Amino acid sequence: MTFFDLMTACFAAEDFSLRQHYADVAKHLTKFTVLQNLRNTDWLSAVTLVATYHRRQSASSESTAQLPSVGCRRQDILTLTLEEYKTYANMTMNGFEQSAKFLGSLGFLHSDDIPYPMQHTCLSAILAVVGLPNDSTRSQLERWWWSCLFGEVYANWQNTISARDMIEVPRWLSGGLPPSTLDHFQFDANRLQSVTRRQGAIYKSLNALLRKHGAIDFLSGETLRDVQSF
């Protein structure tokens, strides 16, 4: 039983059908090809990231005591109240819409192009709280996205990293210090010579960059974006 099933049962006790609500959400979001593999657990994780972020923001303005944690681990999700879900569901859906447009501009056209679904979940939650990025914040967000991919940051400890990024990236976009993701970023160009796994982050990311910059297919003479789209 997944945490989505558990929360479905919890919300049903309050006369709310989480399963039906998610079906409506999925019907809307899967119009974007990059969101067609969206899972109900991804959705609930994103809503929880947004809700726990706002919990922390509210607490920071009221008290200097230890702040509530931000995250989307199983125990975090099981603390989500129905009121919080209803409050932040539309905001989160908008975040996923914005992420689909953002990723499309970077060359990620289909759901299988996304190396780390959890990073995409975190990106959607970040966009849900910061809104559509302007020119300067967009370049920052792009830097974070590519650094995580080529640094293979989300290969392990995904819940821990997404919780940290959910705090640090919005703060950075508002004029704060860069997230620790960027502080610790390292990439050896020789790694490009050894990448062979087609499902790996670096392979998929390099393909997206080729599409973004208009690389031409040697056989057809068309751009890779057109070849893979049609």
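Relevant structure appears above.
Since the model is a prediction, treat every value here as computed from it, not as a measurement. (Residues numbered from 1 in each chain as written. Predicted model: local features only at pLDDT ≥ 70, side-chain atom pairs only at ≥ 80, totals over all residues. Heavy atoms only, no water.)

Describing helix α6 (residues 117-130)
Moving on, step 1. With 14 residues, α6 ought to run about 20 Å at 1.5 Å a step, and its terminal C-alpha atoms sit 20 Å apart, in line with that.
Moving on, step 2. By the criterion of burial, α6 is predominantly enclosed, with 11 of the 14 residues buried.
Moving on, step 3. Glycine 131 sits one or two residues past α6 and shows a positive phi near 80°. (Helix = DSSP H or I, 4+ residues; strand = E, 2+ residues; numbered from the N terminus. Expected span 1.5 Å × (residues − 1). Buried < 20%, exposed > 50% of the residue type's maximum accessible area, 1.4 Å probe, protein only.)

Thoughts on the environment of glycine 131
Moving on, step 1. Tracing the backbone shows glycine 131 in the loop between α6 and α7 (135-150).
Moving on, step 2. Along the chain, glycine 131 and methionine 91 lie 40 residues apart, while their C-alpha atoms are 9.2 Å from each other.

Looking at the nonpolar core
Moving on, step 1. With 63 residues, the main nonpolar core has Trp43, Leu44, Tyr85, Phe108, Leu141, Trp144 and Trp145 as its most contacted residues.
Moving on, step 2. Broken down by secondary-structure element, the contributors of at least two residues to this core are α1 (3-12), α2 (18-29), α3 (40-60), α5 (82-105), α6, α7, α8 (158-173) and α11 (201-212).
Moving on, step 3. For this core, the element with the most residues is α5, which contributes nine residues. (Core = buried A, V, L, I, M, F, W, Y, C linked by side-chain atoms within 4.5 Å.)

Examining the packing of α6 against α8
Moving on, step 1. The contact between α6 and α8 brings their axes to 10 Å, and the two run at 30°. Here α8 runs roughly parallel to α6, going by the angle between their axes. Read as a crossing pair, α6 and α8 show a hand that is right-handed. Between α6 and α8, the contacting residues are Met118, Cys122, Ala125, Ile126, Val129 and Val130 on the first element and Gln158, Asn159, Ser162, Asp165, Met166, Val169, Pro170 and Leu173 on the second.
Moving on, step 2. Its residues assigned to classes, the contact of α6 with α8 comprises 10 nonpolar, three polar and one charged. (Axes fitted to C-alpha atoms, helices over the stretch in contact; angles between N-to-C directions. Parallel < 35°, antiparallel > 145°, perpendicular 65-115°, else oblique. Left-handed = near helix turned anticlockwise from the far one by under 90°. Contact = heavy atoms within 4.5 Å. Nonpolar A, V, L, I, M, F, W, Y, C, P; charged D, E, K, R; others polar.)

Here we look at the pattern of salt bridges
Moving on, step 1. Within the structure shown, the criterion is met by six salt bridges.
Moving on, step 2. Two residues, aspartate 5 and arginine 19, come together in a salt bridge whose shortest N-O distance is 3.0 Å. Remark: arginine 19 occurs in helix α2 and aspartate 5 occurs in helix α1; sequence separation between them is 14 residues.
Moving on, step 3. Judged by relative accessible area, aspartate 5 falls into the partly exposed class, the value being 26%.
Moving on, step 4. Here glutamate 84 makes a salt bridge to arginine 55, at a shortest N to O gap of 2.7 Å. Here arginine 55 lies in helix α3 and glutamate 84 lies in helix α5, a separation of 29 residues in the sequence. (Salt bridge = Lys/Arg side-chain N within 4 Å of Asp/Glu carboxyl O.)

Keep in mind these numbers describe shape, not what the thing actually does.
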